[in-house]
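For reference, the chains in residue letters:
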Amino acid sequence: MKLTEILEKKAITKRYNAFGQHMKALYGQLVYKVNVDAGFTCPNRDGTVALGGCIYCNNDSFRPEACTSAESVRHQIERGIPYLRSRYGAEKFIVYFQPYTNTYKSVDVLERLYREALDNPGVVGLAIGTRPDCVDEKKIALLERLAKEYFILVEYGLQSIYDKTLEYINRGHTYACFQHALDMTAERGIRIGAHIILGFSTETREEMLVMADELSRLPIEYLKIHQLQVVKNTALADLFITRPFPTFGYCEWIEMLADFLERLSPHIVLQRVFASAPDDILIAPIWNKTRYQLLSDLDAYMEQRNGFQGKKR
Ligand code: SF4
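Keep in mind that what you see is a predicted model, and the values were worked out from it rather than measured. Counting starts from 1 at the beginning of each chain's written sequence and moves along it residue by residue. Thresholds applied to this predicted model are a pLDDT of at least 70 for local features of residues and 80 or more for the giving and counting of side-chain atom pairs; totals over whole chains, interfaces and linings are not thresholded and use all residues. To get the side-chain values, take all heavy atoms of the structure and skip hydrogens and water.

Examining the packing of helix H10 (residues 250–263) against helix H11 (residues 291–304)
(1) Moving on: Two elements in contact, H10 and H11, have axes separated by 10 Å at closest approach and are oriented at 55°. Viewed along their axes, H10 and H11 adopt a mutual orientation that is oblique. With respect to the hand of their crossing, H10 and H11 are arranged in right-handed fashion. Packed against H10, whose contacting residues are Tyr250, Trp253, Ile254, Glu255, Leu257, Ala258 and Leu261, the element H11 presents Gln293, Leu294, Asp297, Leu298, Tyr301 and Met302 at the interface.
(2) Moving on: Looking at side-chain class alone, the contact of H10 with H11 contains 10 nonpolar, one polar and two charged residues. Axes here refer to lines fitted to C-alpha atoms; in helices the fit is confined to the stretch in contact. Angles between the N-to-C directions go from 0 to 180 degrees. Going along the chain from the N terminus, every DSSP run of H or I of four or more residues is numbered as a helix, and every run of E of two or more is numbered as a strand. An angle counts as roughly parallel when it lies under 35 degrees, as roughly antiparallel when it exceeds 145, as roughly perpendicular when it falls between 65 and 115, and as oblique in every other case. Whether a crossing is left-handed or right-handed is set by the direction in which the near helix is turned from the far one by less than a right angle, anticlockwise for left-handed and clockwise for right-handed. By definition in these notes, contact holds between two residues if any of their heavy atoms fall within 4.5 Å. Three classes are used, and their members are as follows: Ala, Val, Leu, Ile, Met, Phe, Trp, Tyr, Cys and Pro are nonpolar, Asp, Glu, Lys and Arg are charged, and the others, Gly among them, are polar.

Some words on the site of the ligand
(1) Moving on: Throughout, near means a residue has at least one heavy atom within 4 Å of the molecule or strand. Near the ligand, the surroundings consist of Cys42, Arg45, Gly53, Cys54, Tyr56, Cys57, Asn59, Tyr100, Arg131 and Arg171.
(2) Moving on: Taken together, the residues of the shell around the ligand break down into five nonpolar, two polar and three charged.

So, H11
Helical geometry: 3.6 residues make up each α-helical turn, so side chains three or four residues apart lie on a common side.
(1) Moving on: Given a helix with a known number of residues, its expected span is that number minus one, times 1.5 Å. With 14 residues, H11 should reach 20 Å at 1.5 Å per residue; the first-to-last C-alpha distance of 20 Å fits that figure.
(2) Moving on: Three exposure classes are used, based on accessible area relative to the maximum for each residue type with a 1.4 Å probe and protein chains only: buried under 20%, partly exposed in between, and exposed over 50%. Buried within H11 are the following residues: Leu294, Leu295, Ser296, Leu298, Asp299 and Met302.
(3) Moving on: Looking one or two residues past H11, Asn306 carries a phi angle of roughly 55°, positive in sign.

As for the pairing of strand E4 (residues 151–159)
(1) Moving on: Of all nine residues in E4, nine are buried, a share of seventy percent or more.
(2) Moving on: Covered by surrounding structure in E4 are Phe151, Leu153, Glu155, Gly157 and Gln159 together with Ile152, Val154, Tyr156 and Leu158, the residues of both alternating faces.
(3) Moving on: With the strands pointing away from the viewer, any crossover whose connection runs clockwise from the first strand over the helix to the second is right-handed. Handedness of the strand E3 (residues 123–130)-helix H5 (residues 137–147)-E4 crossover: right-handed.
(4) Moving on: Pairing geometry for E4 and strand E5 (residues 191–198), over six bridges, is parallel. Its bridge partner being in E5, Val154 is matched across the sheet by Ile192. When DSSP locates at least two bridges between a pair of strands, those strands are taken to pair.

Shown next as structure tokens:
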């Protein structure tokens, strides 16, 4: 059996609301993401909000090598789709505007870039990663128009609900700013996602778990959770080298995820449950586990303790 078939089969038995399963239910088949780099920058790096960016941020840790802003969005998609077709037999795709802040341009430029991506017949929608302080009424109105025809998911980087953490990581916005962005985006046909990171030394384990309770009360449909990773060429790496702090061990992370998922609303779809920075830039934690191993171990652990998403709500 091919790995994709095994994963697909496993997805049926997942004890949490996984993105792959969710998209399959929506479109009748698996939907694959094509990552593009549309040449955006970030206001937390260029001085508009701050300089230096979030202390953990090294965009190389989440940008696939094949994805480069030197090529047009159209070409990146035309290059990405044949690979996904031949490897997975994929037929439907979501274009993921991933690196930096993908609403950080004028509405006209955004509309051109988004429509360029949607122009490909295999593309059913967009996932747009951005900051909550980089949307406004006009940009949301654009997404609302596109959402009448396509799957439009805006993914807000939040990282923490605690202002003490947002300050520590130099996020450049508050939790209230995130709530304001949600208020603007909710009930307009736009799908809303959030990203959080667990493991900052500013938070206790219980405070991290409280995030599951809090996010469950918000109009969020999709969530990416990952363990804090210390990667090279970041301010966090400098702090870590000067004064090392604890990061999640592999088993601790599996246990943390299970606890978190049990407190999370069963309606929220999990897009990601861990991060995997490239080996050559990752400093800590080093687990040496594949995606498949981690997801299998999470499934096995949840099954063993009879856990499931929303169990403790
Ligand atoms: S993590 Fe996102 S918001 Fe923070 S500096 Fe990097 S690109 Fe900007």
